[in-house]
Protein chains: 2
Amino acid sequence: MATHLPTASIITIGDELLIGQTIDTNSAFIAQELNRIGIWVRRRVAVGDQAEEIRNALDQEAMKSDLILITGGLGPTADDMTKPLLCDYFGGKLVRDESVLKHIEYLFQEVYRRPGALLERNKRQADVPDVCEVLPNAIGTAPGMLFRKEGKIFISLPGVPAEMKKLVAEQVLPLLSKEWITASIQHKTLITAGAGESVLAEALAQFEQKLPPSIKLAYLPKYGMVKLRLTYVGESDLVGLDLLNRLFPELEALVQEWLIASEDVGLEILIGEWMKKNNKTLGTAESCTGGSIAQVLTSIPGSSQYFIGSVVSYANRIKVDLLNVQQETLLTVGAVSEQAVKEMIQGGLQILRTDFMVSVSGILGPGGATPEKPVGTVWIAAGTKEKTITRKLNLQFDRTRNTVITTHQSLLLLWELLRTNEG
Amino acid sequence: MATHLPTASIITIGDELLIGQTIDTNSAFIAQELNRIGIWVRRRVAVGDQAEEIRNALDQEAMKSDLILITGGLGPTADDMTKPLLCDYFGGKLVRDESVLKHIEYLFQEVYRRPGALLERNKRQADVPDVCEVLPNAIGTAPGMLFRKEGKIFISLPGVPAEMKKLVAEQVLPLLSKEWITASIQHKTLITAGAGESVLAEALAQFEQKLPPSIKLAYLPKYGMVKLRLTYVGESDLVGLDLLNRLFPELEALVQEWLIASEDVGLEILIGEWMKKNNKTLGTAESCTGGSIAQVLTSIPGSSQYFIGSVVSYANRIKVDLLNVQQETLLTVGAVSEQAVKEMIQGGLQILRTDFMVSVSGILGPGGATPEKPVGTVWIAAGTKEKTITRKLNLQFDRTRNTVITTHQSLLLLWELLRTNEG
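Okay, so let's go over this structure. Keep in mind the model is a prediction, meaning the values are calculated, not measured. (Residues numbered from 1 in each chain as written. Chains lettered and ligands numbered in written order. Predicted model: local features only at pLDDT ≥ 70, side-chain atom pairs only at ≥ 80, totals over all residues. Heavy atoms only, no water.)

Some remarks on the sheet that holds strand β17 (residues 388-394) of chain A
Sheet strands line up and pair through hydrogen bonds in the backbone, either parallel or antiparallel. The condition is simple: By this definition, two strands are paired if DSSP reports at least two bridges between them. In DSSP terms, a helix is any run of H or I states spanning at least four residues, a strand is any run of E spanning at least two, and both are numbered starting from the N terminus. For every element, the axis is a line fit to its C-alpha atoms; helices are fit only across the contacting stretch, and the angle between N-to-C directions ranges from 0 to 180 degrees. We call two residues in contact when some of their heavy atoms are within 4.5 Å.
Strand order in the open sheet formed by 10 strands is β17(A)-β16(A)-β15(A)-β13(A)-β14(A)-β14(B)-β13(B)-β15(B)-β16(B)-β17(B), with mixed pairing between adjacent strands. With one partner strand each, in any of the chains shown, β17 of chain A together with β17 (388-394) of chain B form the two edges of the open sheet. When strand polarity is set aside, the average angle formed by the axes of neighbouring strands in this sheet is 10 degrees. Direction of pairing for strand β16 (residues 377-383) of chain A relative to β17 of chain A: antiparallel, over a ladder of 7 bridges. By the bridge assignment, Ala382 of chain A is partnered in β17 of chain A with Ile389 of chain A. Packing of helix α13 (residues 316-323) of chain B onto the sheet brings it into contact with β14 (307-313) of chain A together with β13 (282-286), β14 (307-313) and β15 (356-362) of chain B, and relative to β14 of chain B it is tilted by some 135 degrees.

Next comes the structure, spelled out in structure tokens:
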């Protein structure tokens, strides 16, 4: 790591993070955004709602990082004690900011439309230390605050994700870009399927050895696939671009056999782009995934252009009534079988009148196993009227993870079908 | 906070956490489990794959915590450098552990069923520092490791969630329980809907003031609801139980008007228990949520006892063809209307033959708005043949958050219907 990079620490405040009641998604977003402008996040720290721990974290992170970003602890309720502490830490006193107060009144009047609900404790959100620069929060009541101390920058942001994101994008990033001539951090990522980490590492051993020190290769297993990421950290955008443009195609060639996509993009996006380009439509017929595949496919804005709908046939009678699965199939090979998912494809195509269909039937656990079909036995299929491809999965995790992997393996199977359809 | 509690720090290792490519869910699980046996997690720290930062974090956390739990950095690929570092840090040398090696061979032979794929780099996962106690990993190749140094305990665990969880539950917790006479940490949580944090805080101002120092009240807003959590941290299980048993009913009474559930349990679980108890069946008819409600309802093991299936009618023609929504409704008031979700309830009940149905139709954004129906306009309904209740939501977030809130508000509406059905 080049030492000239501005470095950052992210501090998240809240007992809920330490007792495991909340999963921290804010830090990942902040890290991505800081990275984009060449600030290297060296540490993330979560502490509870305790003055001593917060103070301690501020001291510690300021020792090595140029920027300290703090989220959480700014709500209107009594369990929040961050603001008085910041005031004390940076040596100011709390004063009511009139423009923030006006904004809070506006929100209650015009946006929430309940001006009568505006309480003194809401107004107190307009109180800020007089030594900070106020960062107005367009969509919430708690403003961001910027402090400077001994050459370091401290920024405190509300923990509500939508408010934090808007503040980061519209105020924090432009401000920091002006503050530092930042270095260059660039990533290029591809997605593979069908080979484990070890097999890939073997195939890439020589490639890794000759990488220059400014380039790192990382293996990121996910959903039964493995992402490979090349990262450049250095002084020059141009040098980084040049290195990545040269090395990335080499990497692609070495993993050609398992290559799914040459960018870090969800399969649901690749599938959506393909459907739009080829003017085709899509639906799903799901049993054990309970709508999860449809949910992922429709998470993309504009998916209504190609996604028609789904039949979630959790009960066998729905498989028969709506998807035309044969009673005989259920009685002989059962609902978790290649024959059943094939029939679900054809039944789904008929009732939803789409060009493509994905289907799935399996046992995700913990119950439902039989001697021949243990938990984790799942059949998936992707098909058209003319052609259906199937795959059997043997999953070994808990229900939640089995569902996620099944969902993504189903999209992977569809993507394989679409790619052969193109050729 | 009582000072006699054993305290812990969780250190997660991996660049992917610092550039925001991965969201850390492991820490929340570990924190919950440690809490359960009376160990207070005082800090969580994430650092990158850099020796100096890892070493620095170990030093820092060991200064104030009794237990340091480390996850990640144990995979078979070259970007992992944790093990040699631990070896150096604790002053040992790497030796191959024969029983771990046997287990790895067993996994490749019997579980993965590809013995030929066993490479030297997989075997190297059996190499452990000779100063550690090995914690066998039943379902993966990288074992856990326990070190002791200057009265502190350090435990290194693999980052794969399923493996980490099994190791924590079956080995780490029993081991730590023996090590320390741990203090008592107890939580009781209830769920409210219909009042914001400020309104609740106002209603609870007096209650909060008279809480003893060993009890804390926290406000946790989620999905348009607010959870309220009472936490006891102290020396005695009995005192804690007694305090919570006395204070929790007071809290319940004070928020009676907005009380949804007196435990921290998902609405999907409450609904599932109700369906089983009353021997009723359930389905969903979803437009904009794309299967998300069905997915949440079927995330519960055993949901096949009452959940029959869904029609995801993303395209309007599916609303007409399968859910019997009237063309006239679509032409006059449109698909995003009270009339449409009411018709979807009746159509869904008919085609899926269930006792209860949830339906939803709306505009989650970013596209799809009209002058009369801005982004965030969503109609939800819950009903039986005899009675349907509806609600209009005006959401103000991005597509993902709008989907999650709509899903949970739909479950909330169903829960309201079920509770009136009981009376």
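Now that the structure is up, let's keep going.
Thoughts on the interface of chain B and chain A
As a reminder of what qualifies: By buried area we mean the combined loss of accessible area, with a 1.4 Å probe, across both parts when two parts are placed together. Put simply, a salt bridge is a Lys or Arg side-chain nitrogen that is within 4 Å of an Asp or Glu carboxyl oxygen. In the analysis that follows, any N or O atom pair within 3.5 Å is treated as a polar contact, provided that within protein one partner can donate a hydrogen and the other can accept it, and provided that, for residues neighboring in sequence, both atoms belong to side chains.
Across the boundary between the two partners, chain B contributes 97 residues, which contact 97 residues of chain A. In total, chain B and chain A occlude about 7800 Å² of area from one another, counting both sides; carbon and sulfur atoms represent 50% of this. If you sort the residues of chain B by the area they bury against chain A, Ile19, Gln21 and Arg44 of chain B come out on top, with a joint share of 9%. The interface formed by chain B and chain A contains 10 salt bridges. A salt bridge links Glu53 of chain B to Arg42 of chain A; the shortest N-O distance between them is 2.8 Å. Where chain B meets chain A, there are 36 residue pairs in polar contact (both at pLDDT 80 or more).

Description of the packing of aromatic side chains
Threshold: Geometry of aromatic contacts follows a simple scheme: Phe, Tyr and Trp rings, the Trp one being its six-membered ring, pair when their centres are within 6.5 Å, and the pair is stacked under 30 degrees between planes, edge-to-face over 60, tilted otherwise. Relative accessibility decides the category of a residue: with a 1.4 Å probe and only protein chains considered, values under 20% of the type maximum give buried, values over 50% give exposed, and everything between is partly exposed.
Here the structure, examined in full by the defined rule, presents 12 aromatic pairs over all chains. Relative to Tyr314 of chain B, the ring of Phe307 of chain A has its centre 5.7 Å away and its plane inclined at 80 degrees; by these criteria the two rings are edge-to-face. Placement of Phe307 of chain A in strand β14 and of Tyr314 of chain B in the loop between β14 and α13 is noted, with the two residues assigned to different chains. With a relative accessible area of 0%, Phe307 of chain A lands in the buried category. Relative to Phe356 of chain B, the ring of Trp274 of chain B has its centre 5.5 Å away and its plane inclined at 90 degrees; by these criteria the two rings are edge-to-face. On the criterion of sequence distance, the pair formed by Trp274 of chain B in helix α11 (residues 267-278) and Phe356 of chain B in strand β15 is long-range, its members being 82 residues apart. On the basis of relative accessibility, which here comes to 6%, the residue Trp274 of chain B falls in the buried class. A relative accessible area of 2% means that Phe356 of chain B is categorised as buried. Among the aromatic residues, ring-to-ring pairing joins Tyr89, Phe90, Phe147 and Phe154 of chain A into one connected group.

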